[in-house]
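Structural characterization, general
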Amino acid sequence: MSSSVSKATRYTLLIACLLFCVGCDQYTKKIAVEKLKYEPPLTYLNNTFRMEYAENTGAFLSVGSRLSKPVRFFLLVVANAAFLILVTGMLVFRWQMPLVQFIALSLLLAGGIGNLIDRVFLNGIVIDFLNIGFGPLRTGIFNVADMAITGGALLMLFSWFFTKDQIEQKKEQANSETTTSVPAE
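These numbers come from a predicted model, not from an experiment.

Regarding the overall build of the protein chain
If you tally the helices and strands in the protein chain, you get four helices and four strands. When the helices and strands of the protein chain are placed in sequence order, the string is α-β-β-α-α-β-β-α. The buried share of the protein chain, reckoned over its 185 residues, is 31%. Working note: accessible area of the protein chain is about 11900 Å², and carbon and sulfur atoms make up 69% of it.

Let's talk about helix α2 (residues 69-93)
Over its 25 residues, α2 runs 35 Å from end to end, which matches the ideal 36 Å to within 8%, given 1.5 Å per residue. The largest bend along α2 measures about 25 degrees and falls at Asn80. Within α2 the residues assigned to the buried category are Arg72, Leu76, Val77, Leu84, Val87 and Leu91. As for α2, its buried residues are in contact with α1 (7-36) and α3 (99-121).

Re the packing of aromatic side chains
For the structure on display, the rule yields one aromatic pair. A ring pair is formed by Tyr44 and Phe49, whose centres lie 6.1 Å apart and whose planes are at 40 degrees; its orientation type is tilted. The partly exposed category is assigned to Phe49, whose relative accessible area is 28%. The residue whose ring lies beneath Arg10 is Phe102, and the NZ or CZ to ring-centre distance is 5.4 Å.

What about α3?
The first and last C-alpha atoms of α3 sit 33 Å apart over 23 residues, in line with the 33 Å expected at 1.5 Å per residue. Taken across its 23 residues, α3 has 17 buried, putting it largely inside the fold. Remark: Asn123 follows α3 within two positions and exhibits a positive phi of approximately 60 degrees.

Brief notes about the pattern of salt bridges
Going through the model one piece at a time under the given rule, you end up with five salt bridges. Note that Lys29 is salt-bridged to Asp118, the shortest N-O span being 3.0 Å. With Lys29 in helix α1 and Asp118 in helix α3, this pair connects stretches of sequence that are 89 residues apart. Residue Lys29 is classed as buried on the basis of its relative accessible area, which comes to 3%. Owing to a relative accessible area of 4%, Asp118 belongs among the buried residues under this scheme. With its nearest N and O atoms 3.5 Å apart, the salt bridge here joins Arg50 to Glu52. Arg50 gets classed as buried once you look at its relative accessible area, which sits at 17%. Take Glu52: its relative accessible area is 23%, and that puts it in the partly exposed class.

Digging into the nonpolar core
In terms of nonpolar packing, the biggest core is built from 14 residues, with Leu14, Val87, Leu91, Phe102, Leu105 and Leu109 touching the most fellow members. Of all the secondary-structure elements, those providing two or more residues to this core are α2 and α3. Among the elements that take part in this core, α3 stands out by supplying six residues, more than any other. The contacts of Leu14, once residues within four sequence positions are left out, are Leu91, Phe102, Ser106 and Leu109. Counting nine residues, the second largest nonpolar core, distinct from the first, contains Tyr53, Ile125, Phe129 and Val144.

The rules we used
Residues numbered from 1 in each chain as written. Predicted model: local features only at pLDDT ≥ 70, side-chain atom pairs only at ≥ 80, totals over all residues. Heavy atoms only, no water. Helix = DSSP H or I, 4+ residues; strand = E, 2+ residues; numbered from the N terminus. Buried < 20%, exposed > 50% of the residue type's maximum accessible area, 1.4 Å probe, protein only. Areas by Shrake-Rupley, 256 points an atom, 1.4 Å probe, with all protein chains shown as cover. Expected span 1.5 Å × (residues − 1). Bend = angle between axes of the 7 residues up to and from the residue. Contact = heavy atoms within 4.5 Å. Phe/Tyr/Trp six-rings, centres within 6.5 Å; stacked < 30°, edge-to-face > 60°. Lys NZ or Arg CZ within 6 Å of the ring centre and 35° of its normal. Salt bridge = Lys/Arg side-chain N within 4 Å of Asp/Glu carboxyl O. Core = buried A, V, L, I, M, F, W, Y, C linked by side-chain atoms within 4.5 Å.

This is the structure:
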């Protein structure tokens, strides 16, 4: 399956993913700043879905927001940019990986770029505005880039488990073929 999709098709998928995810992320953040920044949260479906403006100086769920500004800059801008360069390298030089992994890395890259744009141009801040929950169980406040990152990470986990199962099945099949092809004495 990995080589059944051409390099050109994969790069078209990558560019489409980047344009769509980063574009939607930046556009929705712009709307959030314009419509939600100084307003109370908007709630829908009996408060299941909430739109609420937040400025996040940390990572996922504000982890690291209490670190000093230079440490946050290093971890959330420099280290993140280095990771995104690594992911880009994997997509370019190992493009024949299983398609599901290629798509997962494309989503991780797109989400990472979306949040990195905020950090660079908004002095270390990422705009968040979405929240989902039922009763007291709620997600943290997140954005479109976070959804791409989460989707990419879940897809990568799924692909690892699926690939691992496929490899084990092929090994078992190869072992059973070698034992059945040995002539009996």
